[in-house]
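# Chain and residue survey
Take a look at the letters that make up each chain.
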Amino acid sequence: MKTIIKNGNIVTAVDNYFADILIEDGKVAIIGAKLHMDADQFIDAADKLVIPGGIDPHTHMELPFGGASSSDDFKTGTIAAAHGGTTTIIDFAVQYHGESLVEAVDNWHKKAEGKTAIDYGFHLITTDLPDERVPEMRQLISEGVMSFKLFMAYPGVFLVDDATIYRAMKNAGEAGGLICMHAENGVVINEIIKHALAEGKTAPKYHALTRPTKAEAEGVHRAIAIAEMAEAPVYIVHLSCSDALDEVREARDLGLPTYAETCPQYLFLDYSLYEREGFEGAKWVMTPPLREKWNQEKLWQGLKGNDLQVISTDHCPFCFKEQKELGRDDFTKIPNGGPGVEHRMSLIYNGGVAEGRIDVNRFVELTSTAAAKLFGLFPRKGTIAVGSDADIVVFDPNEEMVLSSATHHMNVDYSAYEGMKIRGAAKTVLSRGRIVIEKGEYVGRPGDGEFLKRGTFSM
Ligand code: URP
Ligand code: ZN
Ligand code: ZN
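Going along each chain's sequence as written, the residues are numbered from 1 onward. Ligands are numbered from 1 and chains lettered from A, in the order in which they are written. Selection of residues for local features in this predicted model requires a pLDDT of at least 70, selection of side-chain atom pairs for listing and counting requires 80 or more, and totals for whole chains, interfaces and linings are taken over all residues. Excluding hydrogens and water, the side-chain figures rest on all heavy atoms present in the structure.

Strand pairing is assigned whenever DSSP identifies at least 2 bridges connecting the two strands. Numbered from the N terminus, helices here are DSSP runs of H or I no shorter than four residues, and strands are runs of E no shorter than two. Taken together, the eight strands give an open sheet; going across it, the order is β6-β9-β10-β11-β12-β13-β14-β15, and neighbouring strands pair in parallel fashion. Strand pairing shows two members of the sheet lacking a second neighbour, β6 (54-59) and β15 (310-311), which therefore form its edges. With four bridges joining them, β6 and strand β9 (residues 86-94) adopt parallel strand pairing. Bridge pairing in β9 places Ile55 opposite Thr88. Note on contacts: a residue pair qualifies if any of its non-hydrogen atoms lie within 4.5 Å across the two residues. Lines fitted to C-alpha atoms define the axes here, with helix axes fitted over just the stretch in contact, and angles between the N-to-C directions of these axes take values from 0 to 180 degrees. Sitting on the sheet, helix α12 (residues 360-374) touches β6, β12 (178-182), β13 (234-236), β14 (258-262) and β15, and the angle it makes with β6 is about 65 degrees.

We now examine helix α2 (residues 101-112). Given 3.6 residues per helical turn, the α-helix brings residues three or four places apart onto the same face. A helix's residues, less one, multiplied by 1.5 Å, set its expected span. The terminal C-alpha atoms of α2, which comprises twelve residues, lie 17 Å apart, in line with the 16 Å expected from a rise of 1.5 Å per residue. Among the residues of α2, those classed as buried are Leu101, Val102, Ala104, Val105, Trp108, His109, Lys111 and Ala112. Residues of α2 that are buried in the fold lie against β7 (64-65), α1 (74-83), β9, β10 (119-125), α3 (134-142) and β11 (147-151). We call two N or O atoms a polar contact when they sit within 3.5 Å, provided that within protein one can donate a hydrogen and the other can accept it, with sequence-adjacent residues counted only if both atoms are side-chain atoms. The N-cap residue of α2 is Ser100: its side-chain oxygen and the backbone nitrogen of Val102 are 3.2 Å apart. Backbone geometry just downstream of α2 places Gly114 in the positive-phi region, at approximately 75 degrees. Only protein chains enter the area calculation, which uses a 1.4 Å probe; residues under 20% of their type maximum are buried, those over 50% are exposed, and those in between are partly exposed.

Attention shifts here to helix α7 (residues 213-230). When the terminal C-alpha atoms of α7 are compared, their 26 Å separation across 18 residues agrees well with the 26 Å that a helix rising 1.5 Å per residue should span. Taken together, the buried positions of α7 are occupied by Ala215, Glu216, Ala217, Gly219, Val220, Arg222, Ala223, Ile224, Ile226, Ala227 and Ala230. Residues of α7 that are buried sit in contact with α4 (162-175), β12, α5 (186-198), β13, α8 (242-253) and β14. A positive phi of about 55 degrees marks Glu231, the residue just after α7.

The topology assignment puts His58 in strand β6. Only 2.8 Å separates the side chain of His58 from the side chain of Asp314, close enough to count as a polar contact. Discounting chain neighbours no more than four positions away, the residues touching His58 are Ile90, Phe92, Lys149, Val237, His238, Glu261, Ser312, Thr313, Asp314 and His315.

Before going further, it helps to spend a moment on the coordination of the zinc ion (ligand 2). For the zinc ion (ligand 2), the protein coordination sphere consists of Lys149 (NZ), His182 (ND1) and His238 (NE2), at 2.1 to 2.2 Å. Metal sites are built from N, O and S donor atoms within 2.8 Å, or 3.2 Å for Na, K and Ca, and they leave out water, so they may look incomplete. Between the zinc ion (ligand 2) and the zinc ion (ligand 3) the interatomic distance amounts to 3.9 Å. Separated by 33 residues along the polypeptide, Lys149 in strand β11 and His182 in strand β12 bring together distant segments of the chain. A residue is classified by how much of its surface remains accessible, and Lys149, at 2% relative accessible area, is buried.

Before going further, it helps to examine the packing of α7 against α8. Between α7 and α8, the least distance of the axes is 7 Å, while the angle of their chain directions is 20 degrees. As summarised for this structure, α7 and α8 are arranged roughly parallel, according to the angle between their axes. In the crossing of α7 with α8, the sense of the turn from one axis to the other is right-handed. Where α7 abuts α8, its residues Thr213, Lys214, Glu216, Ala217, Val220, His221 and Ile224 lie against Asp243, Ala244, Glu247, Val248 and Ala251. Ten residues, namely Ala, Val, Leu, Ile, Met, Phe, Trp, Tyr, Cys and Pro, are considered nonpolar, four, namely Asp, Glu, Lys and Arg, are considered charged, and the remaining ones, Gly among them, are considered polar. Here the residues of the contact of α7 with α8 are counted per class, giving six nonpolar, two polar and four charged. Orientation categories follow fixed angle ranges, with anything under 35 degrees roughly parallel, anything over 145 roughly antiparallel, 65 to 115 roughly perpendicular, and all other angles oblique. Each helix crossing is assigned a hand: it is left-handed if the near helix lies turned anticlockwise from the far helix by less than a right angle, otherwise right-handed if that turn is clockwise.

Further remarks concern the coordination of the zinc ion (ligand 3). The zinc ion (ligand 3) binds to the protein through His58 (NE2), His60 (NE2) and Asp314 (OD), with metal-donor distances spanning 2.0 to 2.1 Å. Coordination geometry of the zinc ion (ligand 3): the four donor atoms subtend angles of 88 to 132 degrees at the metal centre, consistent with an arrangement described as tetrahedral. Ordering the donors of the zinc ion (ligand 3) by residue number gives the pattern H-x1-H-x253-D. Angular criteria define each label, namely tetrahedral for four donors with all angles between 85 and 135 degrees, square planar for four and octahedral for six donors with opposite donors over 155 degrees apart and remaining angles between 65 and 115, and irregular for whatever fails these tests.

With respect to the helices and strands, the residue Tyr17 is situated in strand β2 (residues 16-24). On the accessibility criterion, Tyr17 (28% relative accessible area) is partly exposed. Taking the C-alpha atoms as reference points, Tyr17 and Ala354, 337 residues apart in sequence, are found 19 Å from one another. Contact partners of Tyr17, with chain neighbours within four places excluded, come to Gly8, Asn9, Ile10 and Ile31.

In structure tokens, the structure reads:
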């Protein structure tokens, strides 16, 4: 099968030029100024940007969490991702206490197999890593699961102690793996929560008010310090605030291999949403919580200055009516997480490029290239180059849309951005050369997405 994308403005993390692309057998075969050759199909990209498919390295499809299961499965969630121009996700498998690491990943393979619309990989949430299990970690790294998420939050559920963090970092670091850290001091947070509940503070806003930015900053500081002792890199997930960013910047200024992502919700939404009437604030109960608005410009500075390298979504949707409802009388029972996988690319194009905060190359780097490099996928993914997978988005920088649960494709009954008007939309989306989105319709086949065996950490 041969496809030619014609007349487009190709944008990668470093290039910006007009050329045609010949795709053959799912890969980019030729890039040339004017390709005059036969093909099975032609895509006209005049007046559009032609960008690498987005990589979202932080999603939770069908995650059992907080007494519910996130409402997108690997089919609905990856179709929604494709609609927005994301062609790869890295989702989080979970190892429960006492479970084998390898078995845990196998369980997530079963959830995803035959369902995904785009390519996918797994990180492993690791909750139990005694010395006897370390060989399994090394085995997984050699089999393409090179990243592991550890939690300093959620005592009694996901939290691991500092010894485990050090052990995981040391071994992952030696074997070419990468530790992703949920950095929040969950032990102190639980004490603060206890006091709040004792005072009858049960509304959704207390989720945010019991998780101070200092608890996140302390977690980030500790994660970086332990990584330094383990002589290993560390990647901070869903960084939400200026206090935590200061810790990352300080470490990077010292030359430590510290990396971090933030998410659109921390760039565009803020604490005031929790003050809405009644129970509505539950829609934004996620961890870390939304912060005071002034943090947003600090995060954009971090993105511009490369103290933050990646924008992921932490997509973990729970329906407002049936699932968030579990915590109507007690904010600690509201399932933590929100929807986002569909609109990351458009939100960042709009808020970043259209509003003049970053250039279009940095947009590509933050939404695709950097994640490919950090998570063992580059140059197969994350760029448009001869030999790379033809994961390509024809992106209209001028199309306007209004975000709404009435039109989105995620399996959740509300939008975190309801009514927000933005500019920039994926028009045609190719996954390994096959068109999966055309004229706003999903035209692929669930199950065509492949599991990605990722390489080792090489930054
Ligand atoms: O609230 C969130 N972020 N839910 C998903 C789990 C996590 O900590 O990433
Ligand atoms: Zn987390
Ligand atoms: Zn998450």
